[in-house]
There are 2 protein chains.
Amino acid sequence: MAAPAPTTQQEMRRRNLARVLHAVSDGGPLSRAAVAARIGLTRTSVSTLVDELLGAGLLVELGPGRSGTVGRPGTALALSDRGPCGIGAEIGVDHLAVCAVDLRGEVRARIAVDAANRDSDPRPVLRRLSSLVREIAEVVEGAGLRPAGLAVAVPGLVARGTTTVVQAPNLGWTGLDLAPLLDADTPGLAPGAGFFLDNEANLGALAELWLGGHSPEPEGFVHVSAEIGIGAAIVVDGALLRGTRGFAGELGHVPVRPEGRPCACGGIGCLEQYAGEEAVLRAAGFDPRVTAERHPGPGARIDLLAVRAEGGDRAVLRALAEAGTALGTALTGAVNLLDPRTVVLGGALARLAPWLLPSLEGELGRRLAGPPPVAVSRLGPDGPLLGAAHSVVRAVLDDPLAHRGA
Amino acid sequence: MAAPAPTTQQEMRRRNLARVLHAVSDGGPLSRAAVAARIGLTRTSVSTLVDELLGAGLLVELGPGRSGTVGRPGTALALSDRGPCGIGAEIGVDHLAVCAVDLRGEVRARIAVDAANRDSDPRPVLRRLSSLVREIAEVVEGAGLRPAGLAVAVPGLVARGTTTVVQAPNLGWTGLDLAPLLDADTPGLAPGAGFFLDNEANLGALAELWLGGHSPEPEGFVHVSAEIGIGAAIVVDGALLRGTRGFAGELGHVPVRPEGRPCACGGIGCLEQYAGEEAVLRAAGFDPRVTAERHPGPGARIDLLAVRAEGGDRAVLRALAEAGTALGTALTGAVNLLDPRTVVLGGALARLAPWLLPSLEGELGRRLAGPPPVAVSRLGPDGPLLGAAHSVVRAVLDDPLAHRGA
């Protein structure tokens, strides 16, 4: 039951190489001495590790550094803008998107196209995605980058540690392994690289963890987003809480009106029936189906609600206030169970925050003695796509030996 | 942001010593070859580590082993029944208890006394606890054991990583550091040893994790227990989920009737108002205060309810069924958020399981497509006390260099 531990010199070296890369990633350009001070190794040991990482093309030297230490000025080390990069992709109900992020965390290429993926045949969707990944890879290969892996966000449940969509209701996909449906020559699937599949809410929360400017570990928050349903994910001690099957974070099916409306999940009075996109549209007087036809595309209905709310539409304002209250009830349960530092509204919910927050915070304050602050994410709707690409980059930083120069 | 990693030979040796001890602890008597196979090190490396652990008095040789491998029979290695032991203690509302557990996990001494700790002055309570710890330590020191640390369970919130009770409503203690209130010569507080304080529900869940016969990692469950309120704790991937402040697991304050009864916590319709001991007594027609006076002592009111239920008392049966339903509503939220493998009823709730389970499982089944099984703990009310003592033992197994022979 002991935590996995290194047992050999080889594993110790692998870990220390990863610590050097993470130190440079977190701390910007650093001298060898500054790296040594950050990770608690001797300068001699660090120099050996750095030489290996320079040789592998993962680190570069920027010239005289700004280490601030007395003595011979160090050369500043930075992550390379060439070499391995992460490819992130997103399969949305209304769109496909792909991006490439380099080791420094910079987005180097990005493409997004509208798509009609609702209740779709998955084969052409995955073929089209493969084609978009090839386009992005060609662009970045011209700049000296090579895809180290491909991570894909889907709006559905993914079995933990697999590439199988257990259930994606809006796509109409059930029990489907996506790996065999990608073209065999899709960049990032090459030997030595990896294909990762994850729920969009999970990847959105990881993006928030890595890019949202949060405090150092132990960090913990509940990240609530939305596309069609309510998406949520939980970060505990700086890591995603996945659950035994990979299904954790289903805030949308926490009962908020225990004897209320039946839910498509088979439950009763679930949050989604009071704060999901369809519920809010209906409460504001729209026919959700007609509205979806008139306003297709990612975020279009959310934009509609935001524009109406900005214009003072009373039915929309009332519907959003009710949704905020329902979110507050469900989050009261989550806060009691998880004791997060903050609650973060991300994705589409961030756009609606001005009208959700008053009633949401009011409900938390009515039920909790010391409610956590509710923050609004600055990442916007790109969270899941960025989280996907960054998860590949972090896999490289965590295990640099597997990604040495080709 | 990388996980803490070993950086030196010294740390690698520390980790490998811990892996050897955990292998022997998990696998019963093992030959050197069997240890090597379990942890993936060479037999030569394992022999060096084992020699050090034998020299430190943490391991002993039992004579020819049962490794089942071909070739020269190995000598079986076992954990010592002498040397470091863990002292666990529990401060209950109605009692104090202390026990000593050796490296093998055997309880070597145990004492429990009735006490009137409700709304108490903490100083005499801690002095009396110190005295009980000294008694237990004297007993086990005669058998060649020495206290390696003291862990204390309290019915209240403990600030993460501290020895401060933030709030223990039934004891009447608020913002209180217990460390200075223990006698300075209390065994387990000596230099090199440690004093740990934790919530009783957390320690009960850890006991269930370590002693409850669960499957290997990644294990995840929600452990629900009860003394006066509803205690719960969450295990994720084989570790306790503590929350940023240390307050996670407050299932008792998840809203189950959002516009229902006001709760002492300031919330509305919390689970505790429908399934806590006082709520169940009241629903069954008892006056909780009078009943507490007539039936003092740990578990006395739970025993009363169980005896009445066994006798077919319809008011008690109805009250327990209602409590089971309320537990099921709150647990529906917890299951959606956490995706545990199981729900475990422990502590006093285990005693009442026969009458809670039908409505609890009915409620989970009504709200969840694939509800997790609900298990009943075999540990009984000793969970928190055993969890406390075992947490000290595990600290020794995790860092054997700090606990070499005195």
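Residues numbered from 1 in each chain as written. Chains lettered and ligands numbered in written order. Predicted model: local features only at pLDDT ≥ 70, side-chain atom pairs only at ≥ 80, totals over all residues. Heavy atoms only, no water.

Q: Teacher, can you tell me more about the overall build of chain A here?
A: Helix and strand counts for chain A come out as 12 helices and 15 strands. Over its C-alpha atoms chain A spans a radius of gyration of 23 Å, differing by no more than 12% from the 22 Å that the globule rule assigns to 406 residues. Dimensions of chain A along its principal axes, counting C-alpha atoms only, are 70 × 50 × 45 Å. Relative to its 406 residues, chain A shows a buried fraction of 57%. Of the contacts made within chain A by residues no fewer than 6 positions apart, 63% connect residues no fewer than 24 positions apart. (Helix = DSSP H or I, 4+ residues; strand = E, 2+ residues; numbered from the N terminus. Rg over C-alpha atoms; globule rule 2.2 N^0.38 Å. Buried < 20%, exposed > 50% of the residue type's maximum accessible area, 1.4 Å probe, protein only. Contact = heavy atoms within 4.5 Å.)

Q: Can you help me understand the packing of aromatic side chains in this one?
A: For any pair of aromatic rings, the description consists of the separation of the ring centres together with the inter-plane angle of the planes. Tallying each qualifying case throughout the model produces zero aromatic pairs over all chains. Between the NZ or CZ atom of arginine 257 of chain A and the centre of the ring of tyrosine 274 of chain A, over which it lies, the distance is 5.4 Å. (Phe/Tyr/Trp six-rings, centres within 6.5 Å; stacked < 30°, edge-to-face > 60°. Lys NZ or Arg CZ within 6 Å of the ring centre and 35° of its normal.)

Q: Where do I start with the pattern of salt bridges in this structure?
A: Pairing is possible between side chains of opposite charge, provided their charged atoms come close. Counted according to the given criterion, the structure contains 48 salt bridges over all chains. Each of Glu259 of chain A together with Glu363, Arg366 and Arg367 of chain B takes part in a single network of salt bridges with overlapping partners. (Salt bridge = Lys/Arg side-chain N within 4 Å of Asp/Glu carboxyl O.)

Q: So what exactly am I meant to see when it comes to the relation of the copies chain B and chain A here?
A: Superposing the two chain copies requires a rotation about an axis and a translation along that axis. Superposition of chain B onto chain A requires a rotation of 180 degrees combined with a translation of 0.0 Å along the rotation axis, giving an RMSD of 0.1 Å. The superposition of one copy onto the other is thereby described by a two-fold rotation axis. Interface overlap between copies: 98% of the residues of chain B at the interface are likewise at the interface in chain A, consistent with a symmetric, same-surface contact. (Least-squares fit on C-alpha atoms with pLDDT ≥ 70 in both.)

Q: Quick question: what am I supposed to make of the side chain of threonine 244 of chain B here?
A: For threonine 244 of chain B, the position within the fold is in the loop between β13 (239-240) and α6 (272-275). Judged by relative accessible area, which is 17%, threonine 244 of chain B ranks as buried. Polar contacts involving the side chain of threonine 244 of chain B include one to the main-chain amide nitrogen of arginine 341 of chain A, which spans 3.4 Å. (Polar contact = N/O pair within 3.5 Å; in protein donor to acceptor, adjacent residues only side chain to side chain.)

Q: For this particular structure, what's the right way to read the UniProt feature "domain: HTH marR-type" (unreviewed entry) in chain A?
A: Under the local residue numbering, the UniProt record ascribes the feature "domain: HTH marR-type" (unreviewed entry) to residues 18-60 of chain A. Between the end C-alpha atoms of residues 18-60 of chain A the distance is 15 Å, and the span holds 72% helix and 5% strand. (UniProt positions renumbered as here; feature names shortened; annotations may be inferred.)

Q: Looking at this structure, how should I read helix α4 (residues 122-141) of chain A?
A: An α-helix turns once per 3.6 residues; consequently, residues spaced three or four apart project the same way. Residue and element names in this part refer to chain A. Taking 1.5 Å of rise per residue, the 20 residues of α4 would be expected to cover 28 Å, and the 28 Å separating its terminal C-alpha atoms lies within 8% of that figure. Within α4, burial applies to Pro122, Val125, Leu126, Leu129, Ser130, Leu132, Val133, Ile136, Ala137 and Val140. Between the side-chain oxygen at the start of α4 and the backbone nitrogen of arginine 123 there is a gap of 3.0 Å, and the oxygen is on aspartate 121. (Expected span 1.5 Å × (residues − 1).)

Q: I tried to follow the pairing of strand β9 (residues 173-177) of chain B on my own but got confused; where do I start?
A: Every regular strand shows the same layout, with side chains that alternate between the two sheet faces. Residues and elements named next belong to chain B. As paired strands, strand β8 (residues 164-168) and β9 are joined by four bridges and run antiparallel to one another. Across the sheet, the residue bridging to threonine 164 is aspartate 177, located in β9. Linking β8 back to β9 in an antiparallel pair, the connection comprises four residues, with glycine 172 at a positive phi of about 80 degrees. (Pairing = 2+ DSSP bridges.)

Q: What's the story with the sheet that holds strand β9 (residues 173-177) of chain A in this structure? I'm lost.
A: Backbone-to-backbone hydrogen bonds pair the strands of a sheet. The strands run either parallel or antiparallel. One open sheet accounts for three strands, arranged β7-β8-β9 (chain A); its pairing is antiparallel. With one partner strand each, in any of the chains shown, β7 (157-158) and β9 of chain A form the two edges of the open sheet.

Q: Sorry, what's going on with the packing of helix α1 (residues 9-27) of chain B against helix α3 (residues 43-55) of chain B here?
A: Two measures define how a pair of helices packs: the angle their axes make with one another and the distance between the axes. Residues and elements named next belong to chain B. Running from N to C, α1 and α3 cross one another at 80 degrees; their axes reach a closest spacing of 10 Å. One way to sum up the angle between α1 and α3 is to call them roughly perpendicular. Touching Arg13, Asn16, Leu17, Val20 and Leu21 of α1 are Leu49, Val50, Glu52 and Leu53, all from α3. Broken down by class, the residue content of the contact of α1 with α3 amounts to six nonpolar, one polar and two charged. (Axes fitted to C-alpha atoms, helices over the stretch in contact; angles between N-to-C directions. Parallel < 35°, antiparallel > 145°, perpendicular 65-115°, else oblique. Nonpolar A, V, L, I, M, F, W, Y, C, P; charged D, E, K, R; others polar.)

Q: Is there a simple way to think about the sheet that holds β13 of chain B in this case?
A: All names here are of chain B. Taken in spatial order, the five strands make up an open sheet running β13-β12-β11-β14-β15, and their pairing is mixed. Of all strands in the sheet, those with a lone pairing partner are β13 and β15 (374-376), marking the two edges. Bridge analysis of strand β14 (residues 342-345) against β15 gives three bridges, and the strand direction is parallel. Within β15, the residue paired with valine 343 across the bridge is valine 374. On top of the sheet, helix α5 (residues 200-211) reaches β11 (221-226), β12 (230-236), β13 and β14; it is set at about 125 degrees to β11, its chief contact.

Q: Can you help me understand the domain arrangement of chain A in this one?
A: Many authors give the size of an interface as the accessible area that is lost as the parts come together. All names here are of chain A. Here the domain parsing of chain A yields domain 1 (9-79), domain 2 (84-204 + 384-403) and domain 3 (214-378). Contact with domain 2, which involves 18 residues of that partner, is made by 18 residues of domain 3. Buried area between domain 2 and domain 3, summed over both chains or domains, comes out near 1400 Å², and the portion from carbon and sulfur atoms is 51%. The largest per-residue losses of area from domain 2 upon contact with domain 3 belong to Asp94, Arg160 and Asn202, which jointly make up 37% of the total buried on that side. The tally of links from domain 2 across to domain 3 stands at two salt bridges. As a salt-bridge pair, aspartate 94 and arginine 301 come within 3.8 Å of each other at their nearest N and O atoms. The tally of links from domain 2 across to domain 3 stands at three residue pairs in polar contact (both at pLDDT 80 or more). When contributions to the side of domain 2 that touches domain 3 are tallied by element, the ones reaching two or more residues are β7 and α5 (200-211). The greatest single-element share of the side of domain 2 that touches domain 3, amounting to four residues, is contributed by α5. (Domains from an automatic or database assignment. Buried area = accessible area lost by both parts, 1.4 Å probe.)

Q: Which parts of the structure should I look at to understand the environment of alanine 112 of chain B?
A: Residue and element names in this part refer to chain B. Within the fold, alanine 112 resides in strand β5 (residues 107-114). Taking the relative accessible area as the measure of exposure, alanine 112 reaches 46% and is therefore partly exposed. Spatially, the C-alpha atom of alanine 112 lies 6.5 Å from that of valine 98, the residues being 14 residues apart in sequence. In contact with alanine 112, other than residues within four places in its own chain, are Leu96 and Ala97.

Q: Teacher, can you tell me more about α1 of chain B here?
A: With 19 residues, α1 of chain B extends 27 Å between its outermost C-alpha atoms, agreeing within 8% with the 27 Å of an ideal straight helix rising 1.5 Å per residue. Among all positions in α1 of chain B, only Met12, Asn16, Leu17, Ala18, Arg19, Val20, Leu21, His22, Ala23 and Val24 of chain B are buried.

Q: So what exactly am I meant to see when it comes to the nonpolar core here?
A: Considering soluble globular proteins, one finds that nonpolar side chains tend to be buried as a cluster. One finds Val224 and Leu251 of chain A together with Val224 and Leu251 of chain B to be the most contacted residues of the largest nonpolar core, which totals 98 residues. In this view, leucine 251 of chain A contacts Val224, Ile230, Ala232, Leu271, Ala330, Leu331 and Ala334 of chain A together with Leu337 of chain B; residues no more than four positions away in its chain are not counted. (Core = buried A, V, L, I, M, F, W, Y, C linked by side-chain atoms within 4.5 Å.)

Q: Honestly, unusual backbone geometry in this entry has me stumped. Any pointers?
A: Phi is mostly negative for residues that are not glycine, and the peptide bonds are mostly trans. Although it is not a glycine, aspartate 339 of chain A sits at a positive phi angle of roughly 50 degrees. With respect to the helices, strands and loops of the structure, aspartate 339 of chain A is situated in the loop between α10 (314-338) and β14 (342-345).

Q: Please clarify how the environment of alanine 179 of chain A should be interpreted in this entry.
A: Residue and element names in this part refer to chain A. Mapping alanine 179 onto the fold places it in the loop between β9 and β10 (194-199). Separated by 121 residues in the primary sequence, alanine 179 and alanine 300 have C-alpha atoms spaced 30 Å apart. If we skip the residues at most four places from it in the chain, alanine 179 touches Thr163 and Phe195.

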